[in-house]
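Listed below are the residues making up each chain.
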Amino acid sequence: KRIAIFASGSGSNAQKLMEHFKRNTEVEIALVLTNNSDAYVLQRADSFEIPSHIFDKHEFYKTDNIIDLLKNLSIDLIVLAGFMWLIPKNLIHEYPGRIINIHPAILPKFGGKGMYGDFVHKAVMEAGEPEGGITIHYVNENYDEGEYIYQAKYRIDKGDNLEMVKFKGQQLEHLHYPRVVESIIKKIKK
Ligand code: GRF
């Protein structure tokens, strides 16, 4: 079965997925897609010899090019890993229940438009939350609103700064995303 990863930035989660599936004979990461030609994830894809595709707003929202590309590669599952744009309706309709995302908070708190990266961690800290967490969820037409697949929490200790909170969240993401993606893709029937 075949995965396409969408990412807009560093791609540390994408990297963990590439490492995880590298020697898997049944699951292949067949393509990395990004809206950002400077995204470090492109270098990560290169180093794993995974092809990549850079697209702009017009291609993503006004054409079916991306869908054609995914179909031609027989992609079974779309995995978002730090992808910043809202997924258009046509793509959701082509891949019902087959697009998943990871969010660095325990949804439904600290989600929605504009809630990404450091903004999430800052908001969690400013709210004085005793815990942070991650949510892996299906993607629908609204930011961070699809059905939850998996959530995990970490403790925020007194004195934790932004870097530490971020680090704790990232550790959890890296630990769980690859295995959750694997369990989801195993259930997909060809
Ligand atoms: C992660 O925190 C993820 O939860 C969010 O964007 C971040 C991506 O980080 N959706 P990276 O590019 O995988 O390092």
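Per an unreviewed UniProt entry, the chain carries the name Phosphoribosylglycinamide formyltransferase and comes from Pedobacter frigiditerrae. According to the UniProt record, the Catalytic activity (unreviewed entry) comment for the chain reads "N(1)-(5-phospho-beta-D-ribosyl)glycinamide + (6R)-10-formyltetrahydrofolate = N(2)-formyl-N(1)-(5-phospho-beta-D-ribosyl)glycinamide + (6S)-5,6,7,8-tetrahydrofolate + H(+)". In the Sequence similarities (unreviewed entry) part of its UniProt record, the chain is described as follows: "Belongs to the GART family."

It is worth spelling out helix 6 (residues 117-126) at this point. Listed as buried for helix 6 are V120, H121 and V124. Buried positions in helix 6, seen along its axis, are confined to an arc of 90° and lie on one side of it. Every exposed residue of helix 6 that faces more than 90 degrees away from the buried side is listed here: D118, F119 and E126. Those residues of helix 6 hidden inside the fold are in contact with strand 6 (131-138) and helix 7 (162-187). In the segment just after helix 6, G128 is the residue with positive phi, at about 70°.

Moving on to the UniProt feature "binding site: (6R)-10-formyltetrahydrofolate" (unreviewed entry) in the chain. UniProt marks N101 with the feature "binding site: (6R)-10-formyltetrahydrofolate" (unreviewed entry), using the numbering shown here. Position of N101 among the secondary structure elements: in strand 5 (residues 99-103). For N101, the contacting residues outside a window of four places in its chain are L80, H137 and V139.

S10, S12, N13, G82 and P104 are the nearest of the 15 residues found near the ligand. Listed by contribution, the elements that provide at least two residues to the shell around the ligand are helix 1 (12-21) and strand 5. Here the shell around the ligand gets 3 residues from one element, more than from any other, and that element is helix 1. Grouping the amino acids of the shell around the ligand by side-chain chemistry returns 6 nonpolar, 8 polar and 1 charged.

In this section: the UniProt feature "site: Raises pKa of active site His" (unreviewed entry) in the chain. Per the UniProt record, "site: Raises pKa of active site His" (unreviewed entry) is annotated on D144. Setting aside chain neighbours within four positions, we find D144 in contact with H103, L107, G111 and G112.

Let us look at the packing of helix 6 against helix 7. Viewed as axis vectors pointing N to C, helix 6 and helix 7 meet at an angle of 115°, and their least axial separation amounts to 10 Å. Classed by the angle they form, the pair helix 6 and helix 7 counts as roughly perpendicular. Judged by the twist between their axes, the crossing of helix 6 over helix 7 is right-handed. Residue-level contacts link D118, H121, K122, V124 and M125 of helix 6 to L162, V165, K166 and G169 of helix 7. Of the residues belonging to the contact of helix 6 with helix 7, the class tally is 4 nonpolar, 2 polar and 3 charged.

Once that is clear, we can look at the sheet that holds strand 1 (residues 2-6). Strands sit in the order 3-2-1-4-5-6-7 across an open sheet of 7 strands; the sheet is mixed. Lying at the two open borders of the sheet, with one neighbouring strand each, are strand 3 (52-54) and strand 7 (148-155). Taken over all neighbouring pairs, the strand axes of this sheet differ in orientation by 20° on average, direction set aside. With 3 bridges joining them, strand 2 (residues 28-34) and strand 3 adopt parallel strand pairing.

Criteria and thresholds
Residues numbered from 1 in each chain as written. Predicted model: local features only at pLDDT ≥ 70, side-chain atom pairs only at ≥ 80, totals over all residues. UniProt positions renumbered as here; feature names shortened; annotations may be inferred. Buried ≥ 20, exposed ≤ 12 C-beta atoms within 10 Å, placed from the backbone. Helix = DSSP H or I, 4+ residues; strand = E, 2+ residues; numbered from the N terminus. Arc of directions from axis to C-beta. Contact = placed C-beta atoms within 7 Å. Near = placed C-beta within 6 Å. Nonpolar A, V, L, I, M, F, W, Y, C, P; charged D, E, K, R; others polar. Axes fitted to C-alpha atoms, helices over the stretch in contact; angles between N-to-C directions. Parallel < 35°, antiparallel > 145°, perpendicular 65-115°, else oblique. Left-handed = near helix turned anticlockwise from the far one by under 90°. Pairing = 2+ DSSP bridges.

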